Amino acid sequence: MAGILIALLSGALMSIQGVFNTEVTKQSSIWVAAGWVQLSALAVCLAAWLVTGRESIGALWKMDNKYALLGGVIGAFITITVIKGMDALGPARATMLIVIAQLAVSYLVELLGWFGVERQPLELRKLLGLGVAVAGVILFKWE
């Protein structure tokens, strides 16, 4: 149950963040907004690290799969694409498409066992679920 609540909170926060970032972009630029997001996130993470414990930062360089360290780089592009998507489509439509893309790519990662994720079998019900989600986007956009 805790996982469900945390995931719902994450989705809500991502939507609100996208709206905020789009507003910052309108009054500055996309690179200023994206930079501010990353800088302020770094400040929060450093403060939390100081308060909760000081695990070794050096452990990052000992990781087996160094490609996983690209999460921050990907995060910068996520920020930029969310801003652009929300500006072009509005928060609701952009968020629906973002969630559909997340679901589709996540399922593909599971199916193919990419990035150390345990491989899962293809299931018709999951494909149907993705189809229902896509149909929901079409229905929501229908005028």
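About the criteria used
- Residues numbered from 1 in each chain as written.
- Predicted model: local features only at pLDDT ≥ 70, side-chain atom pairs only at ≥ 80, totals over all residues.
- Heavy atoms only, no water.
- Axes fitted to C-alpha atoms, helices over the stretch in contact; angles between N-to-C directions.
- Helix = DSSP H or I, 4+ residues; strand = E, 2+ residues; numbered from the N terminus.
- Parallel < 35°, antiparallel > 145°, perpendicular 65-115°, else oblique.
- Left-handed = near helix turned anticlockwise from the far one by under 90°.
- Contact = heavy atoms within 4.5 Å.
- Nonpolar A, V, L, I, M, F, W, Y, C, P; charged D, E, K, R; others polar.
- UniProt positions renumbered as here; feature names shortened; annotations may be inferred.
- Buried < 20%, exposed > 50% of the residue type's maximum accessible area, 1.4 Å probe, protein only.

Colleague: Hey, could you go over the packing of helix 1 (residues 2–27) against helix 2 (residues 30–52) for me, with residue numbers and the actual values?
Modeller: One way to put it is that helix 1 packs onto helix 2 with a least axis distance of 8 Å and a crossing angle of 135 degrees. As judged from the angle between their axes, helix 1 and helix 2 are oblique. Helix 2 is crossed by helix 1, and the crossing has right-handed handedness. Seen from helix 1, the contacting residues are Q17, N21, V24 and T25; seen from helix 2, they are I30, A33 and V37. Residues belonging to the contact of helix 1 with helix 2 are distributed by class as follows: four nonpolar, three polar and no charged.

Colleague: A description of the UniProt feature "transmembrane region" (unreviewed entry) in the protein chain should follow, citing residues and the corresponding values.
Modeller: Residues annotated by UniProt as "transmembrane region" (unreviewed entry) correspond here to residues 31–51, 67–86 and 92–115. Span residues 67–86 is 80% helix and 0% strand, its end C-alpha atoms 29 Å apart.

Colleague: Quick one: what's the story with the side chain of T22, residue by residue and with numbers?
Modeller: Its location among the elements puts T22 in helix 1. Residue classification places T22 among the buried residues on the basis of a relative accessible area of 8%. Each residue touching T22, except ones within four places of it in the same chain, is listed here: V82, I83, M86 and D87.

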